[in-house]
Amino acid sequence: MWESEKRQTVPARFQKELQVHLSRSSSVDSNDNLNTSTAEPHTVASDPSAAYVSEVQSRIKEILSKCSSGVWLSKMPQIYREMYWEDLSTAMLRQLENWPHVCTVEKVQRGDQMDGLLYPAKKMPLTAKGDTEQQKASQNVTSSKADPLLKPSVEAMPASLSSDFKQKVVNVLLKYPSGLWANALPKVYQNTYQVKFPEDILNNLELLSDVCTVDYVSEVPRKAILYAKPQGCIDENLNVTEKLQRRDSVKATAEQQHEESKDHYPENLTVPPLIIPSEGSVSVIVLELKNTNEVHIRYVGKDYSSAQEQMEDDMKAYYSQNSSVSLAQPLSIGQLVAVHAEEDAWLRARIISLEDNRIKVCYVDHGFSELVERNSVYKLQKQFHSLAFQAAKCRLAGLEAFCDDPVLVNAVELLTSSKILAVEILEKSEIPLLVLYDTSGEDDININATCLKSLYDKSLELHLQVDSLYTNIRVTSVFSDGSLYCQVPSRGLSRLYEILQKLEDYFHHKQTSEFNVSLPFCGKICLFPSKGKWARVEIRIIHTRRALDVQFMDTGTIAAVKVSELREIPPQFLREVIAIPPQAKKCCLADLPPNTGMWTPDAVLWLRDAVMACPEFIMKMVKLDASKGIAHIYLFAPENFPDMDRSVNRQIKNADLWKHQKDVFLSVTPSGTSSTKVTSAAVSGPRLTSGRLEKSLSDSAREHSSAVSTTDMPPPLPLSKAGELMDVYVSVACHPGHFIVQPWKELHNLEALMEEMILYYSRAEEKPVNIEKNKLYAAKIENQWYRVIIKGILRNGFLSVYELDYGKHEFVSIEKVQTLVDTFRKLPFQAVTAQLAGVKSQQWSEEASIVFRNLVEKKPLVAQIEAVNESPNSWDRKIVTFLVDTSLPDTDIWIHDFVSESLVEFSKDD
């Protein structure tokens, strides 16, 4: 129920690894392998506000109230994240034992590890049996590998049960000679006696051991099978040895009866449930489509489609070669059978109806049904029950309201037929919610969003004709490549205004917060308040759980917005809103200089100034690029039509805006000058030498290579002292002599900063920036904004920058760089350069570097600081540190040991 895989709630750099608990309280003495006399317990700071702590406590209570059977402590972070879309810090987890008014922890020894249960308040005092031995035995960074289970509070369990209660349990079990699952006992008991069964007994089934045999088939207490003992309670007059012998004999008899029963009635065997894939990329095949809320799919992969193919090969071999197999007799609806299908295939199936000599079956691994002859239906042998049914149902996100529309269903069938599709799982449930992607072409196709377009009202689409004139044109947006969007008066635009006015009137009498978007995903269409009016937007990119990019469907504008600003379309207006096609046409100016590539900033600014300030234009379409959906047009201000020389096209073509595009370099003006000069140079741009980009810095840029001024610098990042521990995340790993770590406890602050930068710079007006080497800026790299320092100025209009929070070097166009405002200078820069301790410094081979990279990159680890080398610039500081992987339950992995072993192996190979 609590399995994760909701939408990601953290930046893409930190997916998957964030579910690992890092360091745990460490208490070591002078004999342990840290070679230090003492070590302070390692903790992670959390939000210190009382309001935050109170909110966490309230949420923990709510979670426990919904889990009558308890919660494993290790599962609490993912449950918390699923319910509240926030991460529960390690520090908060450690505080649970100190909140008796919220919950109580009961520790339990399970095998070689400490485990435990956690209840709401007033259960029982904390018991830490075995803690002392565990701590003494530990020679690792962490003192215990406890994985407590959190449970709701209940009354203390009675030490003994009444004979009347036990007899009732026996009476129930006698009805099930083949055994009864423990977790089914409460319901059967209540149905029989109309009295609620005390469910806490299921956590201590030994209380019933004198009246029934308990067969623990897994480590989960409730996953046990109960059998009534033939003679009721064990005779109290027997001595201990006789009691044990009697008990073992009864249990063995019950187990034998149970196994015989399962062999005689193989259809009673349970088939494990299908586990939705949660790691790595997920792919599916669409098997059958009834409606978009009931799509039959099969997951592709080793434990899914490959395992199914192997099983069906085994079935074919078994049933074809074993003459002793028999037809399934008697037959009943719901029975699981093996069917000899066409082309000599053997498939698992479930009987869904009996019709004279024919049987209707559903193939549980393929999702479709058919009528088969009785003589082709055989008993399904025990060994073919171990694989979960592979045909699963899913729902397609964004299409729920139109799930039965035949046009929509047909569109989905056409796009999914005979293809392996990539999947984004939005919601894990009995019928999960998915977005399907076709990744077989050059561009990924969002199938959900594409199929939704089949519901457009074709009569409202805009059809432009070549060589036709259009008046009252409004230019709604201009992009950096010179493309623009135009609105053309039409039936569709009039209809759009009507429906948006209806929505305005509707929301005037409603609390719009009722329609907050709770589950954003790419391709989803929703509403956004813009300039006092509601506008249709489509979600394009999800940056974080709070910030995303949308495209305004009827203006073409792309903007970053907060999720909290979006609104669902009210159900009664949904079909009307979806039926209207986008009312902005993508265009480009015809007959501009060829091969201009990306427009210069001056050209883009000129075009924006020329067209955005004018309320209307006359447009002539001269060409339609159907493959790209772009109209090539001429634009005229009304007073300039039809003079071609005064068209916007000719004016921008004749302006001196293009000749610097290929051969520009930035000449940095002296400090204090407010603008950057762009001049021509007789060079051919960057040259490739030995696979590396040869940088050409202007002479004036070289003058600014000194240390950066500390004015308006963030405070330096606090680092642990030598010998101390620190939770870190390794963002970049080149080799053991150079890698980048980030402090784990600050990741949530960095995430919040990145969100705010996305929202700020997407809305801020683009301005010319004075570029200087070794100065701080904000740079847009792959749809995210980063805090960077300029390391080099190239002659091709690009800059070499260093990401101060992630430790990566990047090339970025000058157009993507903006001033770093004071708001974003408060958080210390998060990237810390590091070197691995415990290994000899050397020239690292590619093999050793790869081994190291696979061990640490994109992973949370514990760092034991060996030395800190300070520097005037915070990004030049360096630490020498050991790294420890604490993600395994039984042991800690010291990375330098693995690196050393690898070096020995590589030397042997040489």
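You'll find the structure just up there.
Here's a quick rundown of the structure. (Residues numbered from 1 in each chain as written. Predicted model: local features only at pLDDT ≥ 70, side-chain atom pairs only at ≥ 80, totals over all residues. Heavy atoms only, no water.)

**Description of the overall build of the protein**
1) Next: If you tally the helices and strands in the protein, you get 18 helices and 42 strands.
2) Next: For the protein, buried positions account for 48% of its 910 residues.
3) Next: Contacts spanning at least 24 positions in sequence make up 63% of the contacts within the protein whose residues lie at least 6 apart. (Helix = DSSP H or I, 4+ residues; strand = E, 2+ residues; numbered from the N terminus. Buried < 20%, exposed > 50% of the residue type's maximum accessible area, 1.4 Å probe, protein only. Contact = heavy atoms within 4.5 Å.)

**What about the sheet that holds strand 11 (residues 346–355)?**
What links the strands of a sheet is backbone hydrogen bonding, and the strands pair in either a parallel or an antiparallel sense.
1) Next: Taken together, five strands build an open sheet; the order of strands is 13-12-11-10-14 and the sheet is antiparallel. On the outer flanks of this sheet lie strand 13 (369–373) and strand 14 (377–379), each paired with one strand and no other. Going across the sheet, the axis of each strand differs from the next one's by a mean of 50°, ignoring polarity.
2) Next: Each of strand 10 (336–340), strand 11 and strand 14 touches helix 8 (residues 305–321); the most contacted strand, strand 11, lies at about 75° to it. (Pairing = 2+ DSSP bridges. Axes fitted to C-alpha atoms, helices over the stretch in contact; angles between N-to-C directions.)

**Things to note about the pairing of strand 39 (residues 832–836)**
1) Next: Where burial is concerned, most of strand 39 is hidden: four out of the five residues are buried.
2) Next: Note that strand 39 and strand 41 (residues 878–885) share four bridges and pair parallel. Bridging from a neighbouring strand, A834 pairs with I879 of strand 41.

**Looking at the nonpolar core**
1) Next: One finds I297, Y299 and L436 to be the most contacted residues of the largest nonpolar core, which totals 47 residues.
2) Next: A total of seven residues in this core trace back to one element, the largest contributor, which is helix 11 (residues 491–508).
3) Next: With residues near it in sequence (within four places) discarded, L436 still touches V284, V286, L396, T416, L421, A422, V423, I445, N446, I447 and N448.
4) Next: Listed in part, the 34 residues of the second largest apolar core include M757, L776, V788 and F829. (Core = buried A, V, L, I, M, F, W, Y, C linked by side-chain atoms within 4.5 Å.)

**Let's talk about the packing of helix 11 against helix 12 (residues 571–579)**
1) Next: Remark: helix 11 packs on helix 12, axes separated minimally by 10 Å, with the N-to-C direction vectors making an angle of 165°. Here helix 12 runs roughly antiparallel to helix 11, going by the angle between their axes. In the packing of helix 11 onto helix 12, the handedness of the crossing is left-handed. Only Q572, F573, E576 and V577 of helix 12 make contact with helix 11, whose side of the interface consists of R495, I499, K502, L503 and Y506.
2) Next: Here the contact of helix 11 with helix 12 is built from residues that sort into five nonpolar, one polar and three charged. (Parallel < 35°, antiparallel > 145°, perpendicular 65-115°, else oblique. Left-handed = near helix turned anticlockwise from the far one by under 90°. Nonpolar A, V, L, I, M, F, W, Y, C, P; charged D, E, K, R; others polar.)

**What about the packing of helix 5 (residues 163–174) against helix 6 (residues 185–193)?**
1) Next: Put simply, helix 5 and helix 6 touch, their axes get as near as 10 Å, and they point 100° apart. The orientation of helix 5 relative to helix 6 falls into the category roughly perpendicular. Of helix 6, the residues touching helix 5 (which contributes F165, K168, V169, N171 and V172) are L185, V188, Y189, T192 and Y193.
2) Next: Broken down by class, the residue content of the contact of helix 5 with helix 6 amounts to seven nonpolar, two polar and one charged.

**A few points about helix 9 (residues 406–416)**
1) Next: All of the buried residues in helix 9 are L408, V409, A411, V412 and T416. Summarising the axial view, the buried residues of helix 9 lie within an arc of 160°, below the 170-degree limit, and thus occupy one face. Helix 9 presents P406 and L414 as exposed residues on the side facing more than 90 degrees away from its buried surface.
2) Next: Residues of helix 9 that are buried sit in contact with strand 8 (282–291), strand 15 (392–396), strand 16 (420–427), strand 17 (433–438) and helix 10 (447–452).
3) Next: Where helix 9 begins, the capping side chain belongs to D405, and its oxygen is found 2.9 Å from the backbone nitrogen of V407.
4) Next: One or two steps after helix 9, the chain reaches S418, where phi turns positive at roughly 60°. (Arc of directions from axis to C-beta. Polar contact = N/O pair within 3.5 Å; in protein donor to acceptor, adjacent residues only side chain to side chain.)

**Focus: the packing of aromatic side chains**
Aromatic ring pairs: the centre-centre distance and the angle between the two ring planes describe each pair.
1) Next: Scanning the entire structure with this criterion turns up 29 aromatic pairs.
2) Next: Arranged with centres 5.0 Å apart and planes meeting at 55°, the rings of Y363 and F368 form a pair that is tilted.
3) Next: Taking relative accessible area as the criterion, Y363 reaches 1% and is therefore assigned buried.
4) Next: In textbook terms, an aromatic cluster arises when at least three aromatic residues are bridged by ring pairs, as seen for Y318, Y319, W346, Y378 and F384. (Phe/Tyr/Trp six-rings, centres within 6.5 Å; stacked < 30°, edge-to-face > 60°.)

**A short note on the sheet that holds strand 5 (residues 180–181)**
1) Next: If you trace the three strands from one edge of the open sheet to the other, you get 5-7-6, paired in antiparallel fashion. Here the strands that pair on one side only, and so sit at the sheet edges, are strand 5 and strand 6 (212–216).
2) Next: In terms of strand pairing, strand 6 meets strand 7 (residues 224–228) through five bridges, oriented antiparallel. Each residue of the ladder has a partner; that of D215, found in strand 7, is I225.
3) Next: With respect to the sheet, helix 5 is in contact with strand 5, strand 6 and strand 7, its orientation differing from that of strand 7 by roughly 100°.

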